[in-house]
Structure formats: C-alpha cells, structure tokens
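Secondary and tertiary structure notes
Residue strings, one per chain:
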Amino acid sequence: MNQVIRDAHESPPVLYAEVAVPLRVQGTFTYRLPEALREEARVGSRLLVPFGRQLITGYVVALHEELDAAVEVADAEIKDAEELLDAEPLFTPDVLEITRWIADYYAAPWGEVLKAALPAGLNATVERVLSITAEGRDELARLPARRAAAAKTQALRLLAEGSELPLRRLAQEFGQARALSLTRQLERAGWLTVVQRQRSAQARAKRRKAVRLLPVERHENGAARALTEAQSRVVETLIARGGELLFSELLDAAQAGASTVQTLERRGVVEIIVRDVRRDPLARAVLPPDQKLTPTGEQRAALDEIEAGIAERAYRAFLLHGVTGSGKTEIYIRAMRAALEQGRAAMMLVPEIALTPVFSRRLRAHFGDEVAIFHSSLTTGERFDEWSRIKRGEARVVIGTRSAVFAPVRDLGVIVVDEEHESSYRQQESPYYHGRDTAVMRAHRERAVVVLGSATPSLESFHNARAGKYRYLQLSKRIADRAMARAEIVDMREVFAREGKQVALSEDLLRAIGETHARGEQSIVLLNRRGYSAFVLCRSCGERMQCPNCDVTLTFHQRERSLVCHYCDFRQRPPTQCPACKGQYIFYVGEGTEQIEELIRGKFPSMRIARLDRDTTSRRHTYEEAILRFAAGELDMLVGTQMIAKGHDFPNVTLVGVVSVDAGLAMPDFRASERTFQLITQVAGRAGRGDRAGRVIIQTYHPQHYALRHACAQDYDGFYDEEIRYRKNLSYPPFVSLAALLVRGSELGRTLATAETLKDALDGANADRSCRVLGPAPAPLARLRGEHRIQILLKSRSRPRLRNVLDLALADAAARGCDLHAVNVEIDPVNLM
C-alpha cells in the first residue's frame, strides 16, 4: 500500500487511518477519519474504532490521503473512526518500527505488540453502558408488587436508580451470562438503550498543592508589615528549601497552620500552585557509594572495543562472556557513561524484577535522576511517571525487565542485556517475543551498540559469536584474581545407602552449613521448587492428588495447610483419607523450599534465615528488603529458588548448597541440560566473591551427568562442545529454525481435530519437504487450566522457508474452518513444555 505519513506542516488533509487492533487478528484495518479528526490524527496515536459490534482502542500505524487501488473495498464500506485519544503520539517512530518487526518476525498481531509496548494504565478500555428508556420506566411502574423478585424487575430497578449503569455492574448482580441475556431481552423490548463508552485510563500525572515564595518586588504593599513568628518560619523554610515546597511538607517543616500560608498568599508573599509530583520508585532508597574502580587489563580491553563502537555511531554487537565475579557490571556502567558523553541514551535490561533493586540503586548512584526504572512491579502511577520522563527526554538511562525494550528512548547509544541467556527474556503469552533478540534488532535499527553479557551464554549467542555475528569479548578471571569457588558433588545414592532412607540434606551439606555459620560467614541454599512437599500420594493404592484442571500433581504448602496447583492456582485442603480407596496412609513425597527452611532452622535454631520464593515475595518490596538485609549482614542464610541464583554480589557468602537439580535434568525439553548447567554455574558464582574462598556442594542422584561435571569445573567451553554435538545430531537450534504450534481447547475431540487439520495444511504447504513436521502429539503438560494441549513442531534449516510454509498452512487451515484463535504460534520457542 502506498502510505503517506503526514508531517505536521503538510497541507493536504488525510482521509484514512490504517489501524492495528489489539486482537488476535492478522493485518491492519482502514478507517475513515471524520473531518474533526483529520487535522489532529498522528501516526503512533490511539484511535477509538468500531470493530464488529464493539468499540475498541486501536493504534494508528499509517495515514493515507486516498485508498490504495489494490484495496478491494468500496469507500462506502469503510467505517468511521469514533474518537482520537491522544493529542500527541504515544509511540516514537523507533518504537513503532520495532513493534512492526516483532509482529512480522514472530507472526504476532501488531496491535497486541503495540498494546504490550505501553505501560499499564495507558491502554484505555471500552465498556457498555445501559440507560433505562421512558418506556422502561413506564413498564416498571406497571409491574405488580408480586413480581418484585423477578430478574427483569430487579434489573429495571437498578437502571432506574441512576441515569446510567455499566454492564459490569449488572454482571456483578446476576452473573455475566445472565446479565447479557437480560440486556438483550430488555433492549429488544425497548426498555433500555446500550451505548459503548471509553473508560478513562488509569494512569494520570499526580498533582498536589504546593507553595512558592514570590520575589520581593511582587509583594503587595501589605507585605511590608511585620510578619508573625509563624509566618516568618514559613518564609525561612521556603528560602532554605529553594523557594518552593509541597503544601503539606511546608506545614510540617515550618510547624505552621494552613491559615498562616493563606494569609501570606493574600499579602502577596507566596502563591499557592498545583504541580505535578513525580512518583519516584527510588525516593527512599539508600544508594551505594559511587566507587572509583580501576579496570583490569581484560576489562580495559573489552571497554576499548565497546567504546570505539559507540563513538562510531554504528551498529555493533558484542558477547561479553565473563566468569562470575569478573566485573561485567563495571563494564556496563562505563559503556553507558560513554554513550551519555556522546549525547546519546543508554538502556539496560535485566531478566527478572528481582535484580532491579541492586542494579537500579547502583545506576542511580552513578547517573542520578537521569535513571528511569521500567518494570511491572512498579505501581501504575510510578510506571506512568517513569515512562513519561523517558518520553520527554528527562531520563536518558533506562533499566528494566523485558518490556523495557519498548521504552520511548530517543537516540540510543548502547543497550546492555545482562544475563542474556535467561529464558525469562521470552514473553510466554501472546504476543510472543524475545527481549534479548528484540534488543539486538533495535540496536541494529538505531545504529547503536548492544552488549550481551553472561557467565553462561546461551548456546545460540555463543554460536553466533563463533560464526562472527557477534564480537566475542572474554573476562576469564575474577576481580583481584580471586579463585573460583571449589565445587563438589554429593552422590545421594550413597547417602541413601548409608541412611537407609531418603534425606533432603546430606551430612556433608549440614556440616558445611554449621562450619560456615561458626566462622561468621553467610551461605545460600538453592532448591528450585517451592512449597513443602512436591506431591501427595496414597501408600495403599498409589493414587496421587492431581489438579482437576491440569495434568500435574498438587504441591503441599504447610504454612497455609493446602494443596496448590502451581499452574492454575487451584487449592484444596489435604485429604485425611485417599479419595480413591479410602485408605488412611497418606504420604507426602519430596521437598520444597518451605521444608528445607524448616529443616535448617531445626538444626541451627540461632541462624537468621530468609526464604525467597514466589510464596514469600508476593508482597511488594519483600524480596528487596530481604536482599538488602542479607547484604548488610543482618541475615545468615538465604534459602530459595532460582531468584537467588544470579546477579547478586555478597562478599561474605562462602558456601552455596544445591539441594537437588535432578528434576530440572529430567524435563522433556531439549534445553534441560543447558538450563541446569547455567543454574548451577550461576549459583556457584555467588560463593567466594570476597577475600575468603568459596565452596559449593551439589546434591544429586546423577553425579556423572555432563552438565554437572562441567558446571563443577566452571568449564563453559567443555559443556558447549558436548551439548552442541547433541543439538547438531538431533537437528535443534542453533542449527535449525524452530516453530511450535500449540492447539488448545476444552474438548479433547475438537482439539485433536483442529490439530489434524493444521497438520494436513502443514503437509500441503511443505510440498518440497524443506521443513520437518513433528506431531501432532500431546504436549508434555497435556492439560493446563482446563484446556487440552496438542503440540506440533516445525523445523527447517531455512528460516524464510519455515515462515513461508507456516504462513501458507495457517491460511489454508483457516480456509478449511480451523479456529486459529485456538492455535498459539511460537517462533524460536525457549520452552516446549
């Protein structure tokens, strides 16, 4: 389509807007702009448009003066847009382009990508609003008292209480299905009308009353009169605070009343104003000292290459492979400073919210208020304020999780992706995209440098470095030549033979914990499974307590005395007898972090322990507070899941215990060994980062597994060489492109039929056999949240050919009546569960 994107100075008015809608539909839609909107419409703005029988918020991606001749639709068939929601575009051209790339590369609906690119609170919603008609009021008056309990009567009374009633209020009263049925009946009878109206966006700038001291020349004649003692305190406080202060803060600081300030306003000494107040996520944070460190030789060599790339103002991609404790963070900070000195901006991505407290404080200590934080754990107001600061150019350094890659930063100079191997950079719901790969593409499009950092790079990134796509930079030694932690494996088969039973903590690990505590040093114990017991079974008949919605066992959580599904959050009380055979022998199998914490507290009652997993960190700031207390030496041990395994620098930690990694190795996923190697290497890297040697103890029933052997030796190259052979022999990434199609449905028969239709369409599109089609077959998790899941994998050594086959097959399947809303398409999936 010949699109004309209108500049503000162009005179010909645009007549049509090309709109992407946040629904699971492919392509964009053309709407006619009413005359009132033509002058104000801009690419990147939100537009309220009719879609089917509803109004939705769409995103303007192009403007046109006329319809393209190739568009086979008459002008009369084009619908009018309803309302322009933004005076200024929300999306910068760079962000709009990167979302277009994501939509194309990952076969994702562009509108869904655009919606995901905005912080919560900026995506306006539309709701149906009901109003009773005059006929409806007449009918209500005629209804006899004996019918007062009837649903129609109750609904009309609710409507008659006010001028309007949202449909959601009716749904609260009668339930969603009954409310919709009542609405249709009453509307057909002419007793109510239904309109669709935009609900106001949640996020707004926070505004508060403030007091400003006026210049002396602006004071009225009455101001010359002597000030009272209270008035003098107000004026002196304002002078000491720079001439302006929030109203409430001024009253507290000056110990004065509101009437005192109001009197000063009448006399022209001060003025009372309303100003925007920034909701700063780090307002009360204690910042670390800004240390002046001297780079090592390896750091200096890496920095020289990165800074040269920034100075060239050209795209350069670096893989920074540094062992744990080698000083990668210092390189990140210096690279960002180099970008700022060039007048450009910088972005740092971290894989988890858990890592932002430490990194954001360190960046704030270096760069002050130029740092903005961007992640989903912030309040809606904080996210809105930080996003607004970035868009206005007030913040030139952005740190955040995956979604921060969409931050409206202008003139990016460098993007840092820390722990680039982490699977959490992958969005696990539609729209599916990978934050790391999106960062690489954004750097490429904006002529910026991208630094991918990790002690355990993903096989794909390391392969790209060996192939010359990324420049390889290595930090092979820890700072000050500190030794890597000494790792040892405890064979739990031998422990079982000695003890005559299964134990969670071996004598070796317990002895090491006691010795570490006695020396006044700290320890970390990792088990990547939360809860108390992994599952519950009947010893009489073998029945396991299953989730009724998912093909998984329920996990016992002792603190709340319930069995919990970790996928759908179904909960039930633990049984006192087997539901299948009524047997009394209920057995709790396996251990989780909750049980490990209890066992260690029982052995070491004086030890100060914090448990960090999803159960304990659901309350905001809990994780941050525990990490800061541990760093300050107020805790002796952290027990937790993988959230404690990476990114942190605790100089007093000399022991890391890994309770078990066997469950991770047994996952039916081709990346299981890689993830296990990365997890052990990362958590082992928390030990021995100070002046004292570190020790790592790994408990396992598979001591000879190559992932464990190489992790204990901190031998990444050895692991890569062994793992890459398996990938090549079995045709998995990075040697092939991979797509996963997941068919979901509540009815197994219909889900299987959809999967078979899709398989036939794939076979038909794959006439030259350039792709390999695997499946359909039940997914490893064959049922989740009440839906059956059937999986099809598509492999090809040619990415363009894979996409061509996939696109042709989806179009063919849709033509055959296949419901594509039940099909999830993932390009480059990182999790096949």
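Residues numbered from 1 in each chain as written. Predicted model: local features only at pLDDT ≥ 70, side-chain atom pairs only at ≥ 80, totals over all residues. Heavy atoms only, no water.

Concerning the sheet that holds strand β10 (residues 244-246)
The pairing of strands in a sheet happens through backbone hydrogen bonds and is either parallel or antiparallel. Read across the open sheet, the three strands follow the order β10-β9-β11; overall the sheet is antiparallel. Edge positions in the open sheet fall to β10 and β11 (270-277), since each of these has one partner strand only. Ignoring which end each strand starts from, the neighbouring axes of this sheet average 35° apart. Direction of pairing for strand β9 (residues 206-213) relative to β10: antiparallel, over a ladder of three bridges. If you follow valine 211 over to β10, its bridge partner there is leucine 245. In the packing of helix α10 (residues 258-266) onto the sheet, the strands contacted are β9 and β11, and the crossing angle to β11 comes to about 115°. (Pairing = 2+ DSSP bridges. Helix = DSSP H or I, 4+ residues; strand = E, 2+ residues; numbered from the N terminus. Axes fitted to C-alpha atoms, helices over the stretch in contact; angles between N-to-C directions. Contact = heavy atoms within 4.5 Å.)

Thoughts on the sheet that holds strand β22 (residues 555-557)
Here three strands make up an open sheet; going across it, the order is β22-β23-β24 and the pairing antiparallel. Edge strands, defined here as strands with exactly one partner in the open sheet, are β22 and β24 (571-572). Examined bridge by bridge, β22 and strand β23 (residues 562-564) share three bridges and lie antiparallel to one another. Residue pairing for β23: phenylalanine 556 is matched across the bridge by leucine 563.

As for helix α12 (residues 328-341)
An ideal rise of 1.5 Å per residue puts 20 Å on 14 residues; α12 measures up with 20 Å between its terminal C-alpha atoms. Counting buried positions over the 14 residues of α12 gives 11, a clear majority of the element. Considered for burial, the residues of α12 that qualify are Lys328, Thr329, Glu330, Ile331, Tyr332, Ile333, Ala335, Met336, Ala338, Ala339 and Leu340. One or two residues past the end of α12 sits glycine 343, with phi positive at roughly 80°. (Expected span 1.5 Å × (residues − 1). Buried < 20%, exposed > 50% of the residue type's maximum accessible area, 1.4 Å probe, protein only.)

Remarks on the packing of aromatic side chains
Applying the stated criterion across every chain, the model contains 18 aromatic pairs. Ring plane angle 85° and centroid distance 5.1 Å describe the contact between phenylalanine 29 and phenylalanine 51, whose orientation is recorded as edge-to-face. With a gap of 22 residues between them, phenylalanine 29 in strand β2 (residues 29-32) and phenylalanine 51 in strand β3 (residues 46-51) connect regions that are remote in the sequence. Note on phenylalanine 29: relative accessible area 27%, which makes it partly exposed. With centroids separated by 6.1 Å and ring planes inclined at 55°, the aromatic side chains of phenylalanine 677 and tyrosine 716 adopt a geometry described as tilted. Here phenylalanine 677 is found in helix α22 (residues 672-684), whereas its partner tyrosine 716 is found in helix α24 (residues 716-729), with 39 residues between them in sequence. Comparing phenylalanine 677 with tyrosine 716, the two get one shared label, buried. Linked through ring pairs, Phe462, Tyr472, Phe677, Tyr706, Tyr716, Phe719, Tyr720 and Tyr726 together constitute an aromatic cluster. (Phe/Tyr/Trp six-rings, centres within 6.5 Å; stacked < 30°, edge-to-face > 60°.)

Re the pairing of strand β33 (residues 823-827)
The element β33 is largely enclosed, with a buried count of five among its five residues. Burial along β33 is two-sided: the residues Val823, Val825 and Ile827 and Asn824 and Glu826 are all buried. Here strand β30 (residues 737-745) pairs with β33 via five bridges, running antiparallel. Looking at the pairing, leucine 741 lines up with valine 825 of β33.

Remarks on the packing of helix α2 (residues 93-105) against helix α3 (residues 110-117)
Axis separation between α2 and α3 bottoms out at 9 Å; the angle between their running directions is 135°. As far as their axial angle goes, α3 and α2 are oblique. Handedness of the crossing formed by α2 with α3: right-handed. Along its contact with α2, which presents Leu96, Thr99, Arg100, Ile102 and Ala103, the element α3 presents Trp110, Val113, Leu114 and Ala117. (Parallel < 35°, antiparallel > 145°, perpendicular 65-115°, else oblique. Left-handed = near helix turned anticlockwise from the far one by under 90°.)

Here we look at a positive patch on the surface
A surface patch of positive charge is lined by Arg53, Arg128, Lys152, Arg178, Arg184 and Arg188. The element that contributes the greatest number of residues to the positive patch is helix α7 (residues 176-188), accounting for three residues. Inspection of the secondary structure puts arginine 188 in helix α7. Judged by relative accessible area, arginine 188 falls into the exposed class, the value being 66%. (Patch = residues over 30% accessible without salt bridge, like charges linked within 9 Å, V, L, I, M, F, W, Y side chains within 5 Å. Areas by Shrake-Rupley, 256 points an atom, 1.4 Å probe, with all protein chains shown as cover. Salt bridge = Lys/Arg side-chain N within 4 Å of Asp/Glu carboxyl O. Lys, Arg positive; Asp, Glu negative; His and termini not counted. Charge placed at Lys NZ, Arg CZ, Asp CG, Glu CD.)

Some details on the side chain of glutamate 139
Residue placement: glutamate 139 occurs in helix α4 (residues 134-142). Of the polar contacts made by the side chain of glutamate 139, one reaches the side chain of arginine 142; its length is 2.9 Å. Other than its neighbours up to four places away in sequence, glutamate 139 contacts Leu156 and Trp191. (Polar contact = N/O pair within 3.5 Å; in protein donor to acceptor, adjacent residues only side chain to side chain.)

Details of the packing of helix α11 (residues 297-312) against α12
Direction vectors running N to C along α11 and α12 enclose 30°, while the axes themselves pass 10 Å from each other. One element, α11, and the other, α12, form an angle in the roughly parallel class. Two packed elements cross with a definite hand, and for α11 against α12 that hand is right-handed. Seen from α11, the contacting residues are Gln299, Arg300, Ala302, Leu303, Ile306, Glu307 and Ile310; seen from α12, they are Glu330, Ile331, Arg334, Ala335, Ala338 and Ala339.

Here's the deal with the pairing of strand β17 (residues 449-454)
Along β17, six of the six residues are buried, which leaves the element largely enclosed by surrounding structure. Residues of β17 alternate between two faces, with Val449, Val451 and Gly453 on one and Val450, Leu452 and Ser454 on the opposite face, all of them buried. Across six bridges, strand β12 (residues 316-322) lies against β17 in parallel orientation. Paired with histidine 321 across the strands is serine 454, a residue of β17.

Observations concerning the environment of histidine 434
With respect to the helices and strands, the residue histidine 434 is situated in the loop between β16 (412-418) and α15 (435-445). Separated by 104 residues in sequence, histidine 434 and glutamate 330 have C-alpha atoms that sit 25 Å apart. Once residues lying within four places of it in the same chain are set aside, the contact partners of histidine 434 are Tyr106, Glu422, Tyr425, Arg426 and Val830.

What to know about the environment of leucine 752
Along the chain, the position of leucine 752 falls in helix α25 (residues 748-765). What makes leucine 752 partly exposed here is its relative accessible area of 39%.

Re the environment of valine 490
Checked against the element boundaries, valine 490 lands in strand β19 (residues 486-491). Spatially, the C-alpha atoms of valine 490 and threonine 616 are 29 Å apart, while their sequence positions differ by 126 residues. Excluding residues that lie within four positions of it along the chain, valine 490 makes contacts with Val495, Ser506, Asp508, Ile697, Ile698, Gln699 and Thr700.

Considerations on unusual backbone geometry
The omega torsion of the bond from serine 430 to proline 431 falls at 5°, within 30 degrees of zero and hence cis. By secondary structure assignment, the location of proline 431 is in the loop between β16 and α15. A cis amide bond links glycine 775 to the next residue, proline 776, at an omega of 10°. As for its position among the elements, proline 776 is in strand β31 (residues 771-784). In this structure, glutamate 419 is a non-glycine residue whose phi angle is positive, near 50°. One non-glycine residue with positive phi stands out, namely aspartate 569, at about 70°. Among the secondary structure elements, aspartate 569 is positioned in the loop between β23 and β24.

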